[in-house]
Amino acid sequence: MTTSGPAPATHFIREIIDEDLRTGKHARIQTRFPPEPNGYLHIGHAKAICLNFGLAADYPNSLCNLRFDDTNPTKEEEEFVQSIIEDIRWLGFDWEDRLYYASDYFEKLYEWAEDLVGKGKAYVCDLSADEIRESRGTLTEPGRESPHRNRSPAENLDLLRRMRAGEFPDGSRTLRAKIDMAHGNMNMRDPIMYRILRARHHRTGDAWCIYPTYDWAHGQSDSIEGITHSLCSLEFEDHRPLYDWFLDALGVSHPRQIEFAKLRLSYTVLSKRRLRRLVEEGVVSGWDDPRMPTLRGLRRRGFTPESIRALCDRVGVAKKESVIDLALFEHLLREDLNKRARRAMAVLRPLKLVLVDYPEGKTEELSAVNNPEDPSMGTRTVPFSRELFIEKDDFLEHPPKEFYRLAPGREVRLRYAYFVKCVEVVKDPATGEPIEIRCTHDPATRGGDAPDKRKVKATLHWVSAGHAVAAEVRLYDHLFSVPDPTDAREGKDFKDYLNPNSLAVIPSCRIEPSLAAAAPGVHVQFERVGYFVVDTVDSKPGKPVFNRTVTLRDEWARIQKRHPSSR
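Residues numbered from 1 in each chain as written. Predicted model: local features only at pLDDT ≥ 70, side-chain atom pairs only at ≥ 80, totals over all residues. Heavy atoms only, no water.

Caption draft 1: Structural context of the overall build of the protein. Counting its secondary structure elements, the protein contains 13 helices and 25 strands. When contacts within the protein are restricted to residue pairs at least 6 apart in sequence, those whose partners lie at least 24 apart make up 71%. Surface accessibility of the protein: about 26,000 Å² in total, with carbon and sulfur atoms responsible for 48%. Of the charged side chains in the protein, 85 are positive and 88 negative, and the gap between their average positions amounts to 3 Å. (Helix = DSSP H or I, 4+ residues; strand = E, 2+ residues; numbered from the N terminus. Contact = heavy atoms within 4.5 Å. Areas by Shrake-Rupley, 256 points an atom, 1.4 Å probe, with all protein chains shown as cover. Lys, Arg positive; Asp, Glu negative; His and termini not counted. Charge placed at Lys NZ, Arg CZ, Asp CG, Glu CD.)

Caption draft 2: Spatial organisation of the sheet that holds strand 2 (residues 63-68). Read across the open sheet, the 3 strands follow the order 1-2-3; overall the sheet is parallel. Edge positions in the sheet fall to strand 1 (30-33) and strand 3 (99-101), since each has one partner strand and no second. Strand after strand, the sheet turns through a mean of 35° between neighbouring axes, direction not considered. In the sheet, strand 1 pairs with strand 2 via 4 bridges, with the strands oriented parallel. By the bridge assignment for strand 2, glutamine 30 is matched with leucine 63. (Pairing = 2+ DSSP bridges. Axes fitted to C-alpha atoms, helices over the stretch in contact; angles between N-to-C directions.)

Caption draft 3: Spotlight on the packing of helix 11 (residues 305-315) against helix 12 (residues 326-340). Helix 12 packs onto helix 11 with a crossing angle of 135° between their chain directions and a minimal axis gap of 9 Å. On the basis of the axis angle, helix 11 is oblique to helix 12. Here helix 11 runs over helix 12; the crossing is right-handed. Contacts between helix 11 and helix 12 involve Glu306, Ser307, Ile308, Ala310, Leu311 and Arg314 on the former and, on the latter, Leu328, Phe329, Leu332, Leu333, Asp336 and Arg340. Here the residues of the contact of helix 11 with helix 12 are counted per class, giving 7 nonpolar, 1 polar and 4 charged. (Parallel < 35°, antiparallel > 145°, perpendicular 65-115°, else oblique. Left-handed = near helix turned anticlockwise from the far one by under 90°. Nonpolar A, V, L, I, M, F, W, Y, C, P; charged D, E, K, R; others polar.)

Caption draft 4: Region of interest: empty space enclosed by the protein. Within this structure, the stated rule accounts for 3 cavities of 30 Å³ or more. Here the largest cavity defines a volume of roughly 230 Å³. Contributing to the lining of the largest cavity are 20 residues, with Thr268, Arg291, Leu298, Arg301 and Leu326 lying nearest its centre. Among the secondary structure elements, those contributing two or more residues to the lining of the largest cavity are helix 10 (295-301) and helix 12. It is helix 12 that provides the largest number of residues to the lining of the largest cavity, a total of 3 residues. Here the residues of the lining of the largest cavity are counted per class, giving 14 nonpolar, 2 polar and 4 charged. What the second largest cavity holds in volume is close to 70 Å³. Lining the second largest cavity we find Tyr214, Asp215, His218, Gly219, Cys232, Phe236, His239, Leu242, Tyr243 and Gln257. Of all elements in the fold, only helix 7 (214-225) and helix 8 (240-250) reach the threshold of two or more residues within the lining of the second largest cavity. In terms of residue count, the dominant contributor to the lining of the second largest cavity is helix 7 (4 residues). When its residues are assigned to classes, the lining of the second largest cavity shows 5 nonpolar, 4 polar and 1 charged. (1 Å grid on protein atoms, 1.4 Å probe; cavity = no way out; pocket = protein on both sides within 12 Å on 5 of 7 lines; lining within 4 Å. Points joined across faces, edges and corners; volume = space filled by probe spheres on them.)

Caption draft 5: A look at helix 6 (residues 153-165). Taking 1.5 Å of rise per residue, the 13 residues of helix 6 would be expected to cover 18 Å, and the 18 Å separating its terminal C-alpha atoms lies within 8% of that figure. Packing partners of the buried residues in helix 6 comprise helix 4 (106-118), strand 4 (122-125), strand 5 (174-177), strand 6 (192-196) and strand 7 (210-212). Downstream of helix 6 by a residue or two, glycine 166 has a phi angle that is positive, lying close to 90°. (Expected span 1.5 Å × (residues − 1).)

Caption draft 6: Local environment of the pattern of salt bridges. Under the counting rule described, the total for this entry stands at 54 salt bridges. Among the ionic pairs, glutamate 411 bridges to arginine 454, the shortest N-O distance being 3.0 Å. Taken together, the residues glutamate 411 in strand 16 (residues 411-414) and arginine 454 in the loop between strand 18 (434-442) and strand 19 (459-460) connect sequence positions 43 residues apart. In this structure, glutamate 424 engages arginine 438 in a salt bridge whose closest nitrogen and oxygen atoms are separated by 3.5 Å. (Salt bridge = Lys/Arg side-chain N within 4 Å of Asp/Glu carboxyl O.)

Caption draft 7: Looking closely at the sheet that holds strand 4. In spatial order, the strands read 4-5-6-7; together these 4 strands make up an open sheet with antiparallel pairing. Edge positions in the open sheet fall to strand 4 and strand 7, since each of these has one partner strand only. The mean inter-strand angle of the sheet, taken between neighbouring strand axes irrespective of direction, is 20°. The pairing of strand 5 with strand 6 spans 3 bridges and is classified as antiparallel.

Caption draft 8: Representation of the environment of arginine 340 in the model. Structurally, arginine 340 can be placed in helix 12. A relative accessible area of 35% means that arginine 340 is categorised as partly exposed. Separated by 31 residues in sequence, arginine 340 and asparagine 371 have C-alpha atoms that sit 8.0 Å apart. With residues near it in sequence (within four places) discarded, arginine 340 still touches Thr304, Glu306, Asn371 and Met377. Side chain to side chain, arginine 340 and glutamate 306 meet in a polar contact 3.4 Å long. In this structure the side chain of arginine 340 is engaged in a polar contact, spanning 3.0 Å, whose partner is the side chain of aspartate 336. (Buried < 20%, exposed > 50% of the residue type's maximum accessible area, 1.4 Å probe, protein only. Polar contact = N/O pair within 3.5 Å; in protein donor to acceptor, adjacent residues only side chain to side chain.)

Caption draft 9: Expanded view of helix 1 (residues 12-22). Looking only at helix 1, the buried set comprises Ile13, Arg14, Ile16, Ile17 and Asp20. The arc that holds the buried residues of helix 1, viewed along the axis, is 155°, so those residues lie on one side. Where helix 1 is buried, its residues contact helix 2 (43-58), strand 8 (229-233) and strand 9 (256-260). Note on helix 1: the residue one or two positions beyond its end, glycine 24, has a positive phi of about 85°. (Arc of directions from axis to C-beta.)

Caption draft 10: The arrangement of the packing of aromatic side chains in detail. Considering all chains together, one arrives at 19 aromatic pairs under this definition. Judged by centre distance (6.0 Å) and plane angle (70°), the ring pair of phenylalanine 106 and tyrosine 211 falls under edge-to-face. One end of the pair, phenylalanine 106, is in helix 4; the other, tyrosine 211, is in strand 7, and 105 residues separate them in sequence. The exposure classification of phenylalanine 106 matches that of tyrosine 211, with both residues buried. Positioned above the aromatic ring of tyrosine 110 is the side chain of arginine 164, whose terminal nitrogen or guanidinium carbon lies 4.7 Å from the ring centre. (Phe/Tyr/Trp six-rings, centres within 6.5 Å; stacked < 30°, edge-to-face > 60°. Lys NZ or Arg CZ within 6 Å of the ring centre and 35° of its normal.)

Caption draft 11: Examining unusual backbone geometry more closely. Within the chain, asparagine 61 stands out as a residue other than glycine whose phi angle is a positive 60°. Structurally, asparagine 61 can be placed in the loop between helix 2 and strand 2. With a phi close to 55°, glutamate 96 is a non-glycine residue in the positive phi region. Considering the arrangement of structural elements, one finds glutamate 96 in the loop between helix 3 (78-91) and strand 3.

Caption draft 12: Layout of the pairing of strand 1. Burial along strand 1 is two-sided: the face carrying Gln30 and Arg32 and the face carrying Thr31 and Phe33 are both buried. Between the parallel elements strand 1 and strand 2, the chain passes through helix 2 in a crossover that is right-handed. (Right-handed = clockwise from strand over helix to strand, strands pointing away.)

Dropping the structure here:
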């Protein structure tokens, strides 16, 4: 991906890289994004993607690889591989021919494991997983050494080779690094490097019955690829001593691991376990539900890659965890969509309006601006006729003082059309609710302005009743009703904070005919309503479905006015 514009903001990782280049430690940098193919990417991953690919793009001759750390065949699927590739490309990044897998290095990793065994730095252990866990000790108490810790290198090498050959049952033996069972860092207490696991791998099939752990494979894969700066989120900080120990014990190229704070958003959960519960328990329709923080869900909701990259750029890179207000993300999205989304009129809850003095059977074609922010997007024509639909909320029979929209005896402007005045209200005899508003129009105000310079206090959107197209509209909101749904009080579960109004489906909306053939994924601003996108899954020719991406109301702008330091 090529970028242009102002110089990128500095941060502590960039300062480390600048110093490494200045001193000649590296002539260029090489980074990588290393997802595990066991799920779908979410907004938190986007920060790591933008950071790794973005840094490589900012420095001459520098590169970023995409590598799948596929060391757990029981949870990994080719479907996840393809979805991750698709999501990263959608974000705007490219790895050219540098698509790698940890499984590409299984043979080399095994060769290095034998090397550590030969040096007396690894041993085969017969303890069960529960026994290993129980013997690790606590943060205040040292662990206990395995009774098999002092086997000879020759015996360990024989056992390791027999593990690989499939002589032993699953879980009966592991290969462990021989470090220090009294180490203050629990990760250094003889961690597991290999376990016996007969599971079909999505790439290597049944070629292996022992698989490397993530901690054993990760750093060595970085070394093989010539990574200079291994960028990880903060939870890997305690793993860095182990990362360094393995590389030093092998005497191979040693990347520098640097940790940074994750991206966290208010009103959102990013835990893979919690997200899986939402899907499996039917809270959402799937991983691409527009309320989900997965990149697939955000894309279906209508978030743009530009807005996601802008968010990652705005929040910066730090060592301290913090929660970003979701309002900022929505603000950045509005800024982007305001420039790219064409305008159209749609009535979500239709109320009929009849112009009693407009000729029956007459239709006019009125000119409407596609995007006032971008004149190059041109204009379109919208049909206008005697019978129209307006929003039900745009009329009140007995309005309060602050209500400026249509009411009996009041004149308003119809967007791109005429001034109209309400002269009669037709009600449902059973409920007393208005079902038809009868108005007169001023032909001299065609286009929306009065020759006598008189003013009206409201402009309403509308569609022609005889030309409008029926559509389903889905109004999405925050999935959770509190900023931090993970901060559950005693006896509460994060699901207790689900927002019951996170989705409202309106099946019988009316949209202007120019939207009838809008392709899936097309963005549009429904004037006075919000930004929407044509649903990429359920929208079909003749049965369009629009998802609300974000409202027109900008909460972040209001926050900035109240607190200028938030800018």
